[in-house]
Amino acid sequence: MYTTASVLYKTLAEAGVTHVFANWGNDHPAFLEDLERQRVENGKTVVEIIICPHEMVALSAAQGYAQVTGRPAAVIVHVDVGTAGLAGAVHNVDRGRTPVFIFAGAAPQSTDVRVKGAKNEWPMWHQDVPDQPSIVRQYMRYTAHIQSGRTAGPMVLRALQIAQSEPKGPVYLWTRRETTEEEVDAAVFENGPKVSKWPPVQAPGIPRAALNTIVDALLQAQFPLIIAANSGRNPKTVPLLSTLSNLLAIGVYTSCPSAVCIPWSHDNYIGLSFGGKNDLLNYADVIIILDVDIPWVDAQGNKPRDDARVFVIDVDPLKTTFGWSHVDAELLLKADPEVALSQLIEAVDSPGAKPLASNKLSARQGRIRELRSSWTGSLAAAEKVKSLAPGDTTPTVPFLLATLRDVVGSQTLSKGEKVLWLNETISNYPLTWGHLRPEHPGSMIASGASSLGYALGASVGASLGGIVARKGYDLITAVVGDGVFLFGVPASAYWIARRYNAPFLTVVLNNGGWHSPRNSMLGVYPDGHGSTASGRELTVGFGPDVPDYSQIAVAAGGAWGKRVEHADELQSVLEEAVNVVIKEKRSAVVDCIIQSI
């Protein structure tokens, strides 16, 4: 016997979905029954089910999986409460433009016992809400109601088609329990739609006239600058951006990056920020904003030169889902970064192309060398400072991150080249990007958004996705703040990691609370009453009795854990932690005490 649930599983599998991150409920009898049918008939299920005791972790895991594989995962949740339980992860997959397929059952409508799947448990009355998909609709690329098992297959494929078309993102399908229990004829089940006929939309490129305008501007510029952030979500863009930068000696700056857009060691990579001051804007006469959500923050004194020529290249240059976003620009171009970069390279490096004057090329290269030397020199100097004051043993964040980078490099077979970093350090974002020095395409990822709690679940999903995509990771490492650690539902995340053999290292930068709200207050009231108050007084501190974060993972997921309070202990503890993950295949958590808020 086949049901609507049978059709959903089959269509997802045929479309290339390998994993379903699931949180089951009373709307899923047909799904559980069909899984057993598959085992009985085929010896295995068509998709791998990953049980997730919290929906936020489930969707974060699906995001990590999709970021690593480039393919959508599926999430199945329970009626309205499970949909609400997806929490801030919905914001993350939306703003992070991550393709994820979300399905939720809904409470049955009928109470007629003659209707299969009708209401038969008391919670179903409470769960029968007026507009369940409205909980997430504003974050979705597509939301739809499956009304019959006969149409379920095409609806799944339409949803996946939209999820994988730019701007990519999450989709949400739902249906009532009576529909999931609907029996489907074998002919309907076996002769579903052809997946090959449901491709995503081909990404557009730059129109010829606009391409010529940009190339001419780049050739005439004294100091051109490319600002990037998200182009590296497609790893193929990284060598392309490197090549274009080399051809014309263009400096590259990353603003609020969510992925590696250019190797850290690239000679033309000259800085990064997360909303801070970008002094390069004072000098750049041509600026290309390449797939960036926040190229600069005006309130920090950032403003391009009045005569600067600004070109925006983005799959959504108007940021149509933002309440407000604007850049004064000469051209706004809706184009895929990979296609656009390929076009620009061909235009400047093909036979007959107008060359850049040698004296101009040399001048640009010299300026870039100075800027990079200054930036990397300041990073190196910061790493030499173990603690902030004489006699203080608390490590500085740059020293801690440099030690972590060196330990991982020395302890892994690939010398750090096959390591995936998940960065959710929030107030320490720029330090983490700068000091961990991500080098390879896809080697560091972030949520691309602002809802905290992504990294723990995403690490599990990335581990599973790495196997599917044959990444061969030596180690997966999440670097998080202590507030982030709690938001990530650690008991659930480490239990899943243990259950599905997806161990990872977590390094907690423990400043005793939420640094970001304090920074926000100081940004508005720099000399206000709160400027001299402690974190505890401001109600943003977790002290004096802070949680023992590592032991949460020990209790829930059989992990190894230790707290480090002294800079001199860091290296040995981190070496032990890395060894546990690599050799013992257990998760490890190192709780690092840093300067308290």
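Keep in mind it's a predicted model, so treat the numbers as computed, not measured.

(A) Broad picture of the sheet that holds strand β10 (residues 251-255). The strand order β11-β10-β9-β12-β13-β14 describes an open sheet built from 6 strands, whose pairing is parallel. Strand pairing shows two members of the sheet lacking a second neighbour, β11 (269-273) and β14 (331-334), which therefore form its edges. Each strand axis lies, on average, 20° off the axis of its neighbour in the sheet, ignoring direction. One ladder, built from 4 bridges, connects β10 with β11; its direction is parallel. Looking across to β11, one finds that valine 252 is bridged to tyrosine 269. Across the sheet, helix α13 (residues 358-383) is in contact with β9 (224-228), β10 and β11; its angle to β11 comes to roughly 50°.

(B) Focus on unusual backbone geometry. Looking along the chain, the bond that leaves glutamate 166 and enters proline 167 is cis, with omega of -5°. Within the fold, proline 167 resides in the loop between α7 (149-163) and β7 (170-176). With an omega dihedral of 5°, the bond running from glycine 543 to proline 544 counts as a cis peptide bond. Looking at the element boundaries, proline 544 is found in the loop between α19 (515-524) and α20 (549-557). In this structure, arginine 470 is a non-glycine residue whose phi angle is positive, near 55°. When you line up the elements, arginine 470 lands in the loop between α16 (454-468) and β17 (475-481).

(C) View of the packing of aromatic side chains. One pass over the structure, following the stated rule, counts 13 aromatic pairs. Plain terms: the ring middles of tryptophan 264 and tryptophan 375 are 6.1 Å apart, the flat faces sit at 40° to each other, and that makes the pair tilted. Taken together, the positions of tryptophan 264 in the loop between β10 and β11 and tryptophan 375 in helix α13 put the pair 111 residues apart, joining distant regions of the chain. Between tyrosine 494 and phenylalanine 504 the ring centres are 5.3 Å apart and the planes differ by 15°, which places this aromatic pair in the stacked class. A residue pair is termed long-range when its members are at least 10 positions apart, and tyrosine 494 in helix α18 (residues 490-499) and phenylalanine 504 in the loop between α18 and β18 (505-510) qualify at 10 residues. Taking the relative accessible area as the measure of exposure, tyrosine 494 reaches 1% and is therefore buried.

(D) Seen up close, the side chain of serine 6. The topology assignment puts serine 6 in helix α1 (residues 4-14). Take serine 6: its relative accessible area is 1%, and that puts it in the buried class. Ignoring anything within four residues of it in the chain, the contact list for serine 6 reads Met1, Asp34, Arg37 and Phe189.

(E) Spotlight on the environment of aspartate 185. Note that aspartate 185 resides in the loop between β8 (183-184) and α9 (186-190). In this structure aspartate 185 comes out as exposed when scored by relative accessible area, which is 55%. Along the primary structure aspartate 185 and phenylalanine 322 are separated by 137 residues, whereas in three dimensions their C-alpha atoms are 45 Å apart.

(F) Region of the structure containing the packing of α18 against α20. Contact pair α18 / α20: the axes reach a minimum separation of 8 Å and the direction vectors enclose 50°. Classified by the angle between their axes, α18 and α20 sit oblique to one another. The two elements α18 and α20 cross, and the hand of that crossing is right-handed. In this structure, α18 uses Pro490, Ala491, Tyr494, Trp495 and Arg498 to contact α20, whose residues at the interface are Ile552, Ala553, Ala556 and Gly557. Each residue belonging to the contact of α18 with α20 can be placed in one class, and the counts come to 7 nonpolar, 1 polar and 1 charged.

(G) The arrangement of the layout of surface pockets in detail. Of the pockets and cavities examined, the second largest pocket occupies roughly 1200 Å³. Around the second largest pocket, the lining is made up of 48 residues, and of these Gly70, Lys168, Arg233, Asn234 and Pro235 lie nearest the centre. Of the residues forming the lining of the second largest pocket, the biggest block, 4 residues, is contributed by helix α3 (residues 55-69). Of the residues in the lining of the second largest pocket, the class split is 18 nonpolar, 18 polar and 12 charged.

Reading guide: rules and limits
- Residues numbered from 1 in each chain as written.
- Predicted model: local features only at pLDDT ≥ 70, side-chain atom pairs only at ≥ 80, totals over all residues.
- Heavy atoms only, no water.
- Pairing = 2+ DSSP bridges.
- Helix = DSSP H or I, 4+ residues; strand = E, 2+ residues; numbered from the N terminus.
- Axes fitted to C-alpha atoms, helices over the stretch in contact; angles between N-to-C directions.
- Contact = heavy atoms within 4.5 Å.
- Phe/Tyr/Trp six-rings, centres within 6.5 Å; stacked < 30°, edge-to-face > 60°.
- Buried < 20%, exposed > 50% of the residue type's maximum accessible area, 1.4 Å probe, protein only.
- Parallel < 35°, antiparallel > 145°, perpendicular 65-115°, else oblique.
- Left-handed = near helix turned anticlockwise from the far one by under 90°.
- Nonpolar A, V, L, I, M, F, W, Y, C, P; charged D, E, K, R; others polar.
- 1 Å grid on protein atoms, 1.4 Å probe; cavity = no way out; pocket = protein on both sides within 12 Å on 5 of 7 lines; lining within 4 Å.
- Points joined across faces, edges and corners; volume = space filled by probe spheres on them.

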